[in-house]
Amino acid sequence: EAAVTQSPRNKVAVTGGKVTLSCNQTNNHNNMYWYRQDTGHGLRLIHYSYGAGSTEKGDIPDGYKASRPSQENFSLILELATPSQTSVYFCASGDQTGGNSDYTFGSGTRLLVI
Amino acid sequence: QQQVRQSPQSLTVWEGETAILNCSYEDSTFDYFPWYRLFPGESPALLIAIRPVSNKKEDGRFTIFFNKREKKLSLHITDSQPGDSATYFCAASGNTGNYKYVFGAGTRLKVIA
């Protein structure tokens, strides 16, 4: 069954440390996205990708990097984690069929930066 | 800059009532409006979607009403059930070809039995 898998499910990091969130999709979708979800803000786009080797800045990219080494994998990297990056992070993949891209989301990563 | 706005932020209804969740947008180039539902601890999942060529889209107990002139839409959940308790996100995407969604802040719905 096609899916989007995120790891880790939960993560506690120290301020100033490096954090890598991983995402793997078996949907064979070209597009992948990283969002963070915070109460009162909804889902905000951090980075996205159109395919292997491509990364694009979303609406709130500051403090984050992204890497798309293959069609299946899309990582979000926090080089110097800060407490303001405590959030729930969702990865999604999208299919461009029909002119729009309905997303399939992963189960999320809960990140706590202390 | 909030391109997609949702109201109310939270909503409580009794079982059997109709819940109405509102959404408005600013960008007139938006041409696709999906609603996603998020249960605690789970993934956001597509619930129902509409394009501006229609002013209504129905799927079981879920109906989207769309007003292109006013740039507003609403999700009606009839005969609400406790299992409908979740956060509902309105989203929008344009015809620019980049297939990015802009999400609203969400409405947290609670249905009381």
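Rules behind the numbers
- Residues numbered from 1 in each chain as written.
- Chains lettered and ligands numbered in written order.
- Predicted model: local features only at pLDDT ≥ 70, side-chain atom pairs only at ≥ 80, totals over all residues.
- Heavy atoms only, no water.
- Disulfide = S-S within 2.5 Å.
- Helix = DSSP H or I, 4+ residues; strand = E, 2+ residues; numbered from the N terminus.
- Buried < 20%, exposed > 50% of the residue type's maximum accessible area, 1.4 Å probe, protein only.
- Core = buried A, V, L, I, M, F, W, Y, C linked by side-chain atoms within 4.5 Å.
- Patch = residues over 30% accessible without salt bridge, like charges linked within 9 Å, V, L, I, M, F, W, Y side chains within 5 Å.
- Areas by Shrake-Rupley, 256 points an atom, 1.4 Å probe, with all protein chains shown as cover.
- Salt bridge = Lys/Arg side-chain N within 4 Å of Asp/Glu carboxyl O.
- Pairing = 2+ DSSP bridges.

The tally for this structure, following the rule as stated, stands at two disulfides over all chains. Between Cys 23 of chain A and Cys 91 of chain A runs a disulfide, and the two sulfur atoms are separated by 1.9 Å. One quick way to see it: the torsion about the S-S bond of Cys 23 of chain A and Cys 91 of chain A is about -80°, and its sign makes the bridge left-handed. Taken together, the residues span a long stretch of sequence, with Cys 23 of chain A in strand E3 (residues 19-25) and Cys 91 of chain A in strand E9 (residues 87-95) at a distance of 68 residues. As far as burial versus exposure is concerned, Cys 23 of chain A and Cys 91 of chain A are alike and both buried. Cys 23 of chain B shares a disulfide with Cys 90 of chain B; S-S distance 2.0 Å. Across the S-S bond of Cys 23 of chain B and Cys 90 of chain B the torsion is about -70°, and the bridge reads as left-handed. Here Cys 90 of chain B lies in strand E9 (residues 86-94) and Cys 23 of chain B lies in strand E3 (residues 19-25), a separation of 67 residues in the sequence. Take Cys 90 of chain B: its relative accessible area is 0%, and that puts it in the buried class.

If you look at the biggest cluster of nonpolar residues, it comprises 26 residues, and the most contacted ones within it are Trp 35, Leu 73, Leu 75 and Tyr 88 of chain B. Of all the secondary structure elements, the ones that give two or more residues to this core are strand E2 (10-14), E3, strand E4 (30-38), strand E5 (45-50), strand E7 (62-67), strand E8 (72-77), E9 and strand E11 (107-112) of chain B.

Attention now goes to a nonpolar patch on the surface. Taken together, the side chains of Val 12, Val 14, Leu 112 and Ile 114 of chain A define a hydrophobic patch exposed on the protein surface, amounting to about 380 Å² of accessible area. Checked against the element boundaries, Val 14 of chain A lands in the loop between strand E2 (10-13) and E3.

In regular strands, side chains alternate between the two faces of the sheet. Residues and elements named next belong to chain A. Counting buried positions along strand E4 (residues 31-38) gives eight out of eight residues, so the element sits mostly inside the fold. What you see with E4 is no split at all: Asn 31, Tyr 33, Tyr 35 and Gln 37 on one side and Met 32, Trp 34, Arg 36 and Asp 38 on the other are buried throughout. Direction of pairing for E4 relative to E9: antiparallel, over a ladder of seven bridges. What sits directly across from Tyr 35, in E9, is Phe 90. Judged from the seven bridges that link them, E4 and strand E5 (residues 42-49) form a sheet pairing that is antiparallel. Of the residues in E5, the one forming a bridge with Tyr 35 is Leu 45. Connecting the antiparallel pair E4 and E5 is a turn made up of three residues, with Gly 40 showing a positive phi of about 90°.

Limitation: the analysis is restricted to geometry and does not speak to function.
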